[in-house]
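Below are the chains, spelled out letter by letter.
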Amino acid sequence: MSRDWSTLFGLLIRLLAGWVLCLSTGLQAAPLELTRAQVTLDVDGASTVRSVGLPYPWDRFHKGQAGRALFRIDFDLAAVPDGPWALYLPRVGTAYEVWLNGRMLEHRGDMAQFNGGDYGQVPRYLNVPVGYLAPHNRIEVRIRADVGRRGGLSRLVLGPMDEVYPLYLREYRLRSVGSMLVVGFSLVVGLVSLALWATQARVTDWGTTQRDPLYLYAGLAELFWTVRVGHTQIEVPPLDWPWWGVLPVAALGAWGAFMTFFCLELAGVRRSSRLAWGFRRWLTLLMLLGPLVGVLALGLGRPLVLTVWYAALGLSFLAFGAWFIGHAVRTPSRMQRVVAAAVVINVVTGLRDLYVFRIEPAYPSNAMMYYTSMLFGLTLGYVVLALLL
């Protein structure tokens, strides 16, 4: 009997030892998440050194200021890997250099020239060749951060290539490939809508030619949204900063205004209505203020102005969305109900983005409205086809 217990006990010991070995191997192979750094900051000619946690969103800690930073991240490895590893940075920029144990892994952009190219738009995946890692290691990340361009440094993920690459690929597909799909879709819907506005004309009883403004508003809304989303894919812009940054701000205001005008036309609201007239003028004013707000926020370092403008847009669209969905419920029109649902989803998502980007910045984070806007594009296509047929 004791022999049986001894055999069973030995088996359990071997199983436990095997489980511990597998667990330790798995822990060694799992990616490391590096979230602490010592940073040397150079802002307005003053240099400071401090210990910080990652991510480090530049615009949150240095509102309206440009500067440079050197992040030093020290870490140890229990064993030096004998296979290829990779380093994943969800966001870094505006321009940057990455060094590992004195060897440069990658650099993008001019570290000396502010307001140059923006290389923080997409996640970064860096190969770490065999022999670059040691028991004691230091990663150095140098960044140049421009005003209002979401510069900074996210957490770093280091590990075997087959563990790290799926993390990078998922973020890349969401931020880069997803944005390009939105751009292509919005461009097609916008051009088709404008083509219909130009060709679908009718002659009135007075002999004049009249075109349906519904198609015009739909086309302009989608084309401005193409500008809003598409700018994130251009690392070296054709315009100097801050003018390049003003463009998406103005495009957002125009997209919101024309989307609302489209909904008012769809609802059959008379232009002679005093309330509708006032609301149209209010949205037109916000749209025209967009470029000025962009210059004040991005060119003169007054980010609060842009936050207030975003809030005014969001609250205006929220009020309109509440009215429009109530109007759609009271009418038997399926088209209006479909559009109302898309408007509400976009408004709620826009308020979420306002909070995440302007009020309590998260880093890194993605503008979810880039993707929910496709619902509005789909409803525009549905409305256009329904009216044609």
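Now for a description of the structure that goes with this document. (Residues numbered from 1 in each chain as written. Predicted model: local features only at pLDDT ≥ 70, side-chain atom pairs only at ≥ 80, totals over all residues. Heavy atoms only, no water.)

1. Quick look at the packing of aromatic side chains
The line we're drawing: Ring pairs shown here join Phe, Tyr and Trp side chains whose ring centres sit within 6.5 Å, with only the six-membered ring taken for Trp; geometry is labelled stacked below 30 degrees between planes, edge-to-face above 60, and tilted in between. Only DSSP runs of H or I with at least four residues qualify as helices, and only runs of E with at least two residues qualify as strands; both kinds are numbered from the N terminus onward. Partly exposed describes any residue whose relative accessible area lies between the buried limit of under 20% and the exposed limit of over 50%, with all areas from a 1.4 Å probe on protein chains only and scaled to the type maximum. Whether a charge sits over a ring depends on NZ of Lys or CZ of Arg being within 6 Å of the ring centre and within 35 degrees of the ring normal.
Taken as a whole, this structure holds 17 aromatic pairs when the rule is applied. Ring centres 5.6 Å apart and planes at 65° place the aromatic pair tyrosine 56 and phenylalanine 71 in the edge-to-face group. Taken as a pair, tyrosine 56 in strand E4 (residues 56-57) and phenylalanine 71 in strand E5 (residues 67-76) lie far apart in primary sequence, 15 residues in all. Each member of the pair, tyrosine 56 as well as phenylalanine 71, carries the same accessibility label: buried. Ring centres of tyrosine 125 and tyrosine 165 lie 5.2 Å apart, and the angle between their planes is 80°; this geometry places the pair in the edge-to-face category. In this pair, tyrosine 125 is assigned in strand E10 (residues 124-128) and tyrosine 165 in helix H3 (residues 161-199), connecting sequence segments 40 residues apart. Since its relative accessible area comes to 36%, tyrosine 165 is described here as partly exposed. Following the ring pairs from residue to residue traces out a cluster consisting of Tyr88, Tyr125, Tyr165, Tyr168 and Tyr172. Here the guanidinium or amino end of arginine 149 rests over the ring plane of tryptophan 241, the centre of that ring lying 4.2 Å away.

2. Describing unusual backbone geometry
For residues besides glycine, phi is generally negative; the peptide bonds are generally trans as well. With an omega of 25°, the peptide bond between glycine 93 and threonine 94 qualifies as cis. For threonine 94, the location among the structural elements is in the loop between strand E7 (92-93) and strand E8 (95-100). Between tryptophan 241 and the following residue, proline 242, the backbone shows a cis peptide bond with an omega angle of 15°. When you line up the elements, proline 242 lands in the loop between helix H4 (213-230) and helix H5 (243-267). Notably, aspartate 44 is not glycine yet its phi reads approximately 55°, a positive angle. By the element assignment, aspartate 44 lies in the loop between strand E2 (36-43) and strand E3 (46-53). Note on aspartate 44: relative accessible area 64%, which makes it exposed. Of note in this structure, asparagine 101 is not a glycine but carries a positive phi near 50°. The class for asparagine 101 is partly exposed, based on a relative accessible area of 30%.

3. Considering the packing of helix H6 (residues 274-299) against helix H7 (residues 303-330)
Rules: Note on method: axes are straight lines fitted to C-alpha atoms, helices fitted across the in-contact stretch only, with angles between N-to-C directions ranging 0 to 180 degrees. Geometric relationships in this document are graded by angle, where less than 35 degrees denotes roughly parallel, more than 145 denotes roughly antiparallel, 65 to 115 denotes roughly perpendicular, and other angles denote oblique. Crossing handedness is defined as follows: a turn of the near helix away from the far one that is anticlockwise and smaller than a right angle gives a left-handed crossing, while the clockwise case is right-handed. The contact rule is simple, with two residues in contact once any of their heavy atoms fall within 4.5 Å. All residues other than Ala, Val, Leu, Ile, Met, Phe, Trp, Tyr, Cys, Pro, Asp, Glu, Lys and Arg, Gly among them, are scored as polar; the first ten of these are nonpolar and the last four charged.
Orientation of H6 relative to H7, taken along the N-to-C sense of each, is 160°, at an axis distance of 9 Å. Between H6 and H7, the crossing angle belongs to the class labelled roughly antiparallel. H7 is crossed by H6, and the crossing has left-handed handedness. Of H7, the residues touching H6 (which contributes Phe279, Trp282, Leu283, Leu286, Leu289, Gly290, Val293, Leu296 and Ala297) are Pro303, Val305, Leu306, Trp309, Ala312, Leu313, Ser316, Phe317 and Phe320. Partitioning the contact of H6 with H7 into residue classes produces 16 nonpolar, two polar and no charged.

4. Focus: the nonpolar core
In summary, soluble globular proteins display a tendency toward joint burial of nonpolar side chains. Heads up, the rule is: Each nonpolar core is a collection of buried residues, namely Ala, Val, Leu, Ile, Met, Phe, Trp, Tyr and Cys, held together in the definition by side-chain atoms within 4.5 Å.
Of all hydrophobic cores here, the largest spans 54 residues; its most connected members are Trp225, Trp255, Phe262, Cys263, Trp309, Val339 and Phe376. Contributing elements (two or more residues each) for this core: H3, H4, H5, H6, H7, helix H8 (334-359) and helix H9 (369-388). The greatest single-element share of this core, amounting to 14 residues, is contributed by H5. What cysteine 263 contacts, discounting residues up to four positions off in sequence, is Phe320, Phe324, Val339, Val343 and Phe376.

5. Re a nonpolar patch on the surface
Quick note on the threshold: Residues enter patches when they are more than 30% accessible in relative terms and free of salt bridges; like-charged ones are connected within 9 Å and nonpolar ones (Val, Leu, Ile, Met, Phe, Trp, Tyr) within 5 Å. Only the protein chains shown count as cover for residues, and the accessible areas themselves come from Shrake-Rupley with a 1.4 Å probe. For this document, the term salt bridge refers to a Lys or Arg side-chain nitrogen within 4 Å of an Asp or Glu carboxyl oxygen.
Judged by side-chain polarity, Trp282, Leu285, Leu289 and Leu292 come together as a nonpolar surface patch covering roughly 350 Å² of accessible area. One can find leucine 285 in helix H6. Given a relative accessible area of 42%, leucine 285 falls into the partly exposed group.

Interpretation in functional terms is not warranted from these geometric data alone.
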